[in-house]
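So the chains spell out like this:
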Amino acid sequence: MTDIKIGILGYGFMGHEHMNLLRRLPEIRVTAICDIVPSQMDDAPEGVKKYTEMDELISDPEVNTVLIVVPNPLHKEASIKAARAGKNIICEKPAALTVADFDEMTAEAEKAGVRFTVHQQRRHDRDYLPIKAVLQQGLIGKPYLVRSMMYGVNGNMHDWHIYPEMGGGMLYDWGIHLIDQILNMTEEKVVSVYADIKKVINQDVDDYFLLVFKFESGMTAEIELGTYFLTPKRGWLACGDTGTAILDIDFVNGMQETRKIVRTRHLLENVPGKITMTSAGPTRSFGPPEPGLLYEEPLPEVPGDEFDWFKGYVKAIKTGGEFEITIPQVRRDLLIMDAFRESARTGKAVVFES
Ligand SMILES: NC(=O)c1ccc[n+]([C@@H]2O[C@H](COP(=O)([O-])OP(=O)(O)OC[C@H]3O[C@@H](n4cnc5c(N)ncnc54)[C@H](O)[C@@H]3O)[C@@H](O)[C@H]2O)c1
């Protein structure tokens, strides 16, 4: 199957985003869309068939690939139906609400001989790729900490995201992307995880989390996200024994960006232990650096754009090659999310073998 004819199931926020992008990608044709709320499709482009029933879209012979963009609990039903109808499947994240559901979905796809992948496109984000390059190219020496930060001020979750039974909350929404990014920036195995998950503004679903990954080398990765965290920004910090990489997108000041690696001209063991008085009291280790000690380099530039995920998809379909987002990777993302939830419930670190 080389001609990719997509039916978009669910024409809400993300369904529209997909349409806008796919219309600019010549290798893919969107032949049909479906939404149970007909008015959602009022602005659909000419020539695209419109359905209000999932089954109608899935059985359309002009659709050979179902792009599942309905709310989270419907991913399972839609993907099993699509598999049984012999259609390839692109499922939005989070692919499933449980690992057991995911296993059923992928088993059906395998049985039907259709291809299945998940739209976890944030592996192509402009803020993520330079930090991944820093780690993979050894630009900060031996890394001991990576921190991924996403802070917002809007507080409340919206629409179906406020209901636990709909797979609401930030861990399912953004958490899956941020976890996937961390797991795909290193070949190292995770050995344990710890999480603090809170409901700060929202009554029923999480809107703050701190997720801690411990890797086999001793490296720690942390993800902190809050929807009511009043220093709004997207940020990364990667610290190694020869430098610190910083990437900051400041949501207050016009999305102003900082992208740099900071290094010292010589190792700190050469710095004499001089006592400095600071506003936080006297210190020998944390006083201001001597003039010229620190210097900066730019972060590597890594090309990437919004089309990359789908370009990779087209290539995998045309060549029969592996998808960028594989079933074992998505399964691991969901498994580790379960381990984070268990840690938050028990207040203890959880051993994770991957
Ligand atoms: N990959 C990403 O970056 C990204 C970003 C946003 C959303 N998403 C995912 O996309 C999915 C949809 O999210 P959204 O923000 O677009 O939600 P949304 O509520 O804006 O849109 C969902 C649409 O599905 C329709 N719908 C509901 N039940 C249906 C059914 N049985 N049959 C047909 N249509 C039905 C709704 O009427 C609505 O228009 C979610 O799984 C979400 O996690 C992914």
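Scroll up to find the structure this text is about.
Let me sum up the structure you'll find in this document. All of these numbers come straight from a predicted model, not from anything done at the bench. (Residues numbered from 1 in each chain as written. Predicted model: local features only at pLDDT ≥ 70, side-chain atom pairs only at ≥ 80, totals over all residues. Heavy atoms only, no water.)

### What about the pattern of salt bridges?
Here is the rule we go by: Should a side-chain nitrogen of Lys or Arg be within 4 Å of a carboxyl oxygen of Asp or Glu, the pair is scored as a salt bridge. Strands are runs of DSSP state E lasting at least 2 residues, helices are runs of H or I lasting at least 4, and numbering of each runs from the N terminus. A 1.4 Å probe rolled over the protein chains alone gives each residue an accessible area, and that area as a share of the maximum for its type sets the label: buried under 20%, exposed over 50%, partly exposed in between.
Throughout the structure, instances matching the rule amount to 20 salt bridges. Taking the shortest distance from any N to any O, the salt bridge between D125 and R122 comes out at 2.7 Å. Here R263 makes a salt bridge to E297, at a shortest N to O gap of 3.1 Å. Of the two residues, R263 is situated in strand β13 (residues 256–264) and E297 in strand β16 (residues 294–298); the sequence distance between them amounts to 34 residues. When its relative accessible area of 28% is taken as the criterion, E297 is described as partly exposed.

### Quick look at the packing of aromatic side chains
Just so we agree on the cut-off: In summary, the pairing rule links any two rings of Phe, Tyr or Trp, Trp by its six-membered ring, whose centres are within 6.5 Å, and it sorts them by plane angle into stacked for under 30 degrees, edge-to-face for over 60 and tilted for everything else. Consider the ring centre and the ring normal. A charge sits over the ring if Lys NZ or Arg CZ is within 6 Å of that centre and within 35 degrees of that normal.
Enumeration according to the criterion identifies nine aromatic pairs in this entry. Ring centres of F213 and F340 lie 5.1 Å apart, and the angle between their planes is 75 degrees; this geometry places the pair in the edge-to-face category. With F213 in strand β9 (residues 208–215) and F340 in helix α8 (residues 327–346), the pair connects residues that are 127 residues apart, well separated along the chain. In textbook terms, an aromatic cluster arises when at least three aromatic residues are bridged by ring pairs, as seen for W309, F310, Y313 and F323. Above the ring of F323, the side-chain terminus of R115 is found at 4.2 Å from the ring centroid. Cation over ring: R341 sits above Y172, and NZ or CZ is 4.4 Å from the ring centre.

### Quick notes on the site of the ligand
Basically, it comes down to this: Being near a molecule or strand, for a residue, comes down to having at least one heavy atom within 4 Å of it. Any pair of nitrogen or oxygen atoms within 3.5 Å is treated as a polar contact; in protein, a donor-acceptor pairing is required on top of that, and neighbouring residues in sequence qualify only through side-chain atoms on both sides. Here the accessible surface of atoms and residues is derived via Shrake-Rupley with a 1.4 Å probe, and residues count as covered only by protein chains that are part of the display.
Residues in contact with the ligand amount to 24 residues; listed here are only the nearest, M14, D35, Q40, N72 and Q121. Between an oxygen atom of the ligand and a side-chain N or O atom of Q40, the distance comes to 2.7 Å. Between the ligand and H119 there is a distance of 3.4 Å, counted from a nitrogen atom to a side-chain nitrogen or oxygen. Starting from 850 Å² of accessible surface for the ligand in isolation, the protein chains cover 86%.

### Concerning the pairing of strand β5 (residues 88–92)
The test is simple: A pair of strands counts as paired when DSSP detects no fewer than two bridges linking them. Handedness of a crossover: with both strands directed away from the viewer, a clockwise path from the first strand across the helix to the second marks it as right-handed.
In terms of residue burial, β5 counts as a mostly covered element, since five of its five residues are buried. With burial as the criterion, each face of β5 is covered, one bearing N88, I90 and E92 and the other bearing I89 and C91. Here four bridges tie strand β4 (residues 65–68) to β5, and the two strands are oriented parallel to one another. Its bridge partner being in β5, I68 is matched across the sheet by C91. In the classification by handedness, the crossover that spans β4, the intervening helix α3 (residues 75–84) and the parallel β5 is right-handed. Here four bridges tie β5 to strand β6 (residues 116–119), and the two strands are oriented parallel to one another. Counted as the bridge partner of E92 is H119 from β6.

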